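# Topology and contacts: notes
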Amino acid sequence: MKNSEESKIFLSGKIAGLQLKNRIIRSGCFEGMSQGGRVTEQLVEHHRAVAAGGVAMTTVSYCSVSFDGRAFDHELWMRDEIIPGLQKLTETVHNEGTAASIQLGHCGYFASKKVIGKTPVGASRKYNLFRNSFCKAMTGKEIEEKIEDFGNAALMAKKAGFDAVEVHAGHGYLLSQFMSPFTNRRNDRYGGSVENRMRFPAEVIERIKKYVGNDFPVLVKMNQYDGMKGGLEIKEAVVSARLFEKAGADAIIPSCGFTSKTPFYMLRGKVPVKEMVSNKKNLFTKTGLALFGRFMVREVPFDKLFLLEGARKTKDAVSIPVIYIGGAVSKADMENLLSEGFGFIQIGRATIRDPEFVNKMKKGEVTESDCDHCNRCVAAMDAGGVFCVTREGKI
Ligand SMILES: Cc1cc2nc3c(=O)[nH]c(=O)nc-3n(C[C@H](O)[C@H](O)[C@H](O)COP(=O)(O)O)c2cc1C
């Protein structure tokens, strides 16, 4: 094994105007620590610990750009009122010598009617089994409003001291619902060809860049494939990645999966049905999951670097940095990813398992994460905040 001085992992790298101390970024992993859509001490401490653990940048997970883009009440929602809380978070992360990014998005058709108080919006009218609700197709005016919401949210993130924003255009969220032929059945300028389906997501990036400026990094997390019949596939995803680059994106993170259809596809590994049932409060969801959870949520075994093939195709299609995500758990694999031209690597569960993972790799104390992909950390998000259930022995 190479020592840390020789390892590419610990060389600094740049995204737009941002210099990062090494090549590892903590991916957006929903913390479940933002009751009422606000920053809590628990959220700040969570990211302090991750930052202190050696990553170059930590990502505050899903923050809705508007009130109607939320799936849960304990999810951040960007507005002036939370800027002081976010400032405290970014200062705390910076004090650990680490950069901070925030993931901005909108849930679209799987927003919770109960949380947002109205019918959710989406690309086209569609039924969502997990919510037992229909959404309404967005009008041109509503699309323009959402573009503006994304722009304003990014500006607020910049004001709050974030070093970058990550636009969530994957996992079946609103922008992904427009990109996917499965959810986008429109026949106006926002539907049909891949260029038309990309129009709204690309306009979002253009507006954000206009508001935050060229030096401020805008990362885009998108799907390389949705994981169900009729969804986005790699061929069109590669075209979409190019269109994101053209719109001004500074880096692409090619992920996969559709939250409302294949929620564990982006993770691979076990589906913790028992723990999820015990944490759900809504009787319909609880009963549905208990009876049909095994059938509703497909289990796909975990493999190291499970998104490599599509990530390579994405990397070959664009000239901005591609950030590898998905099962990067060993130091050797990370070095190989960087050697073959990936700019950075995002890791999720390895840092939930052990926030000190990157420091330990650097010191030569570990060469691989010991996360076993039981995915019970996902159930923990709704039981007081994300943590490694195996390590802490609760739930
Ligand atoms: C508990 C948990 C919560 C997650 N929440 C989000 C999220 O809010 N946004 C997102 O884009 N991805 C989310 N993910 C997916 C991760 O960012 C990442 O794509 C996935 O875990 C694969 O990376 P890994 O193999 O390094 O864990 C979550 C993953 C976990 C385990």
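Residues numbered from 1 in each chain as written. Predicted model: local features only at pLDDT ≥ 70, side-chain atom pairs only at ≥ 80, totals over all residues. Heavy atoms only, no water.

Along strand 15 (residues 344-347), one buried face is formed by Phe344 and Gln346 and the opposite face, lined by Ile345 and Ile347, is buried too. Strand direction decides the pairing type here: strand 3 (residues 24-26) and strand 15, joined by three bridges, are parallel. Looking at the pairing, Arg26 lines up with Ile347 of strand 15. For strand 14 (residues 323-325) and strand 15, the ladder comprises three bridges, and the chain directions are parallel. (Buried < 20%, exposed > 50% of the residue type's maximum accessible area, 1.4 Å probe, protein only. Helix = DSSP H or I, 4+ residues; strand = E, 2+ residues; numbered from the N terminus. Pairing = 2+ DSSP bridges.)

Glancing now at the site of the ligand. In the region of the ligand, 22 residues are neighbours, and Gly28, Phe30, Gln103, Gly327 and Arg349 sit closest. Between the ligand and Gln103, the relevant distance is 2.9 Å, taken from an oxygen atom to a side-chain nitrogen or oxygen of the residue. Gly348 is positioned with one of its backbone polar atoms (N or O) 2.9 Å from an oxygen atom of the ligand. Burial of the ligand by the protein chains amounts to 96% of its free accessible area of 600 Å². (Near = heavy atom within 4 Å. Polar contact = N/O pair within 3.5 Å; in protein donor to acceptor, adjacent residues only side chain to side chain. Areas by Shrake-Rupley, 256 points an atom, 1.4 Å probe, with all protein chains shown as cover.)

All right, on to helix 4 (residues 140-159) then. For helix 4, built from 20 residues, the straight-helix expectation of 28 Å at 1.5 Å per residue is met to within 8% by its first-to-last C-alpha distance of 29 Å. For helix 4, the set of buried residues is Glu142, Ile143, Lys146, Ile147, Phe150, Gly151, Ala153, Ala154, Met156 and Ala157. For helix 4, the secondary structure elements touched by its buried residues are helix 2 (83-95), strand 6 (99-105), strand 10 (136-137), strand 11 (164-169), helix 5 (174-179) and helix 7 (199-212). Positive backbone phi, at 100°, marks Gly161, one or two positions downstream of helix 4. (Expected span 1.5 Å × (residues − 1). Contact = heavy atoms within 4.5 Å.)

Its twelve residues give helix 1 (residues 41-52) an end-to-end C-alpha distance of 16 Å, which sits within 8% of 16 Å, the value for a rise of 1.5 Å per residue. Regarding helix 1, the residues found buried are Leu43, Val44, His46, His47, Val50 and Ala51. One face of helix 1 carries all of its buried residues, which in axial projection span an arc of 160°. Count one or two residues on from helix 1 and you reach Gly54, which has phi positive near 110°. (Arc of directions from axis to C-beta.)

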